[in-house]
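Commentary on secondary and tertiary structure
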Amino acid sequence: MKKLFICIIIATALALPLGAAACTSKPDRTAYSITAEYDDESGTLTAECTVDYYNGGEDTDVIKFNLYGNAYRKGALYKPVSGEFATRAYYGGASYGAMEIENVSGAESWQVCGEDSNILEVTLPERLPGGGRAQVSISYTLELANINHRTGITRHTVNLGNFYPIACVRSGGGFIEVPYYSDGDPFMSDCADYMVEITVPDGYTVAAGGTCERQGNTVHCTLENARDFAMVLSNEFKKLECDADGTAVTYYYYDDDNAETALDAAAQSLLYFEEKFGEYEYPSYTVVQTGFAAGGMEYPAFAMISDGLEPADAIYATVHETAHQWWYAMAGSDQINNAWQDEGLAEYSALCFFEEHPNYGFTRTGLINSATEAYRAYYSVYNQIFGDADTTMGRHLKDFVSDYEYVNIAYNKGLIMFDSLRTSIGDDRFFKGLKDYFERANGKIATPEQLIESFTATGVDIAGFFDSFLEGKIII
Ligand SMILES: [Zn+2]
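About the thresholds
Along each chain, the written sequence defines residue order, and numbers are assigned to residues from 1. Only residues with pLDDT of at least 70 are given local features in this predicted model, and only at 80 or more are side-chain atom pairs given and counted; all residues enter the totals for whole chains, interfaces and linings. Helix axes are fitted only over the stretch in contact, all axes being lines through C-alpha atoms; the angle between N-to-C directions runs from 0 to 180 degrees. Strands here mean DSSP runs of E at least two residues long; helices mean DSSP runs of H or I at least four residues long; both are numbered from the N terminus. Orientation is classified from the angle alone, with under 35 degrees giving roughly parallel, over 145 giving roughly antiparallel, 65 to 115 giving roughly perpendicular, and any other angle giving oblique. Residues are treated as contacting if the C-beta atoms built from their backbones sit within 7 Å of each other. Whether two strands pair comes down to DSSP finding at least two bridges between them. To assign burial, the other C-beta atoms lying within 10 Å of each residue's own C-beta are counted, with C-beta atoms placed from the backbone; 20 or more indicates buried, 12 or fewer indicates exposed, and intermediate counts indicate partly exposed. Under the convention used throughout, the expected extent of a helix is 1.5 Å for every residue step, that is, one less than its residue count. To get the bend at any residue, fit one axis to the seven residues that end at it and another to the seven that begin at it, then take the angle between the two axes.

Digging into the packing of helix α2 (residues 259-277) against helix α4 (residues 339-356)
Contact geometry of α2 with α4 gives a least axis separation of 10 Å together with a crossing angle of 110 degrees. Put simply, α2 runs roughly perpendicular to α4. The segment α2 lies against α4, with S269, Y272, F273 and K276 engaging S349, C352, F353 and E356.

Quick notes on the sheet that holds strand β19 (residues 247-253)
Strand order in the open sheet formed by five strands is β18-β19-β20-β22-β21, and the pairing between neighbours is mixed. Across the chains shown, the open sheet's two edge strands, defined by having one partner strand only, are β18 (238-244) and β21 (296-299). Each strand axis lies, on average, 15 degrees off the axis of its neighbour in the sheet, ignoring direction. The pairing of β21 with strand β22 (residues 302-306) spans four bridges and is antiparallel. If you follow Y299 over to β22, its bridge partner there is F302. Each of β20 (284-290), β21 and β22 is contacted by helix α3 (residues 311-323), which is oriented at about 155 degrees to β22, the strand it contacts most.

Some details on the pairing of strand β13 (residues 192-199)
Only one face of β13 is buried: it carries A192, Y194, V196 and I198, and the other face, with D193, M195, E197 and T199, is open. The sheet contact formed by β13 and strand β16 (residues 218-226) spans seven bridges and is antiparallel. Considered in β16, the bridge of I198 is made with V219.

Thoughts on helix α6 (residues 403-425)
In an α-helix, one turn spans 3.6 residues; hence positions three or four apart end up facing the same way. For α6, with 23 residues, the first-to-last C-alpha span of 32 Å sits near the 33 Å given by 1.5 Å per residue. Along α6, the sharpest kink reaches roughly 30 degrees, centred on K413. Directly beyond the C-terminal end of α6, a positive phi value near 90 degrees is found at G426.

This is the structure in structure tokens:
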């Protein structure tokens, strides 16, 4: 049965009024206020990021920020893309960028440090107690490489993922520093409030998540309770927009004969996941076609989809990234140590959507079979190369030897695991468990144990089931 949804293509931009602050007390989360200007001649973003930092950990003298944008510099220890993607990513040959911190005000002192110059450490003028707030303002420039990746200039667009210093997640008295591992999504952050103002050259459109308003060449966006914030700029964008039960869904593209279907897939999957897992909490959802070496990339209220995909794969990627709104953006997990948790769920949620929407051409059996075949091929090859293929799922990103291995373990084996779980415990328990997990994990970073507990709470003992997959004992 086709889901009810209204899709009226709106020709003119929607002028959404910015919501007035309804409450006076600040929520227990960090707020970023970023002012940026993009210069297309130098390919540089000049910005100031004012952080109203909320200390969710123990007392501290410092605040640490991940400088993901610095991974694109020449000589970086961790390359932003793996060898398998390098040619597709660096479309014009080698190219470099950098995130240069110019100044930090409100600090006693500051330094760029970390394993790979990937951390900004700001020493505060006075000790910050747990639960306290501190304000610092970081001036920086982000030089963009020519690369089809999260942060860079592509042939048709400018991808601004990871374009600002983002506070490291606290772990007791410390901070979790995350180098830019090329396999997987090496990101970990707490939900925060965003106010972003970007000025672009004449003719450029800003595609972003949240509530945006344009005045002249400046676009002002707000997004609350979000794990991250990203944008894509282009002077070639066309736009389709529709309303999915109160959520404005927008698709920006420059070369897509299938644009209406892409918009439909985004809006319909958004409605389907809301019904299956819980309410979508952002005011809008924006999907953008862009230069991207892999299939796509998820951000809160926002997704990048590669312009190099075949039409069916682009639809698949759109639904996968939409599922990440639940499994990553809202219900967070540790993507560094347990990538299967959000990738496996995003893959399996996409399967569930396609199963109920056969008009997109994918079937449950077809998706299971192709994941199983791919996984078996990987297993056979890696068994030959390494003698004994490591099939554990709960592994650190640095412990994957290739992107090929990462995809087979986190995506394909993840999909097979969730399908096997659903077959074992039945649809009712399976979807009840996911709904419960979403409710508990929303706004947080959930452990695998918390996911397992949500299924256990439906009255089944499945700890052994998860162990057999996660520890690599199951034969597929
Ligand atoms: Zn994904």
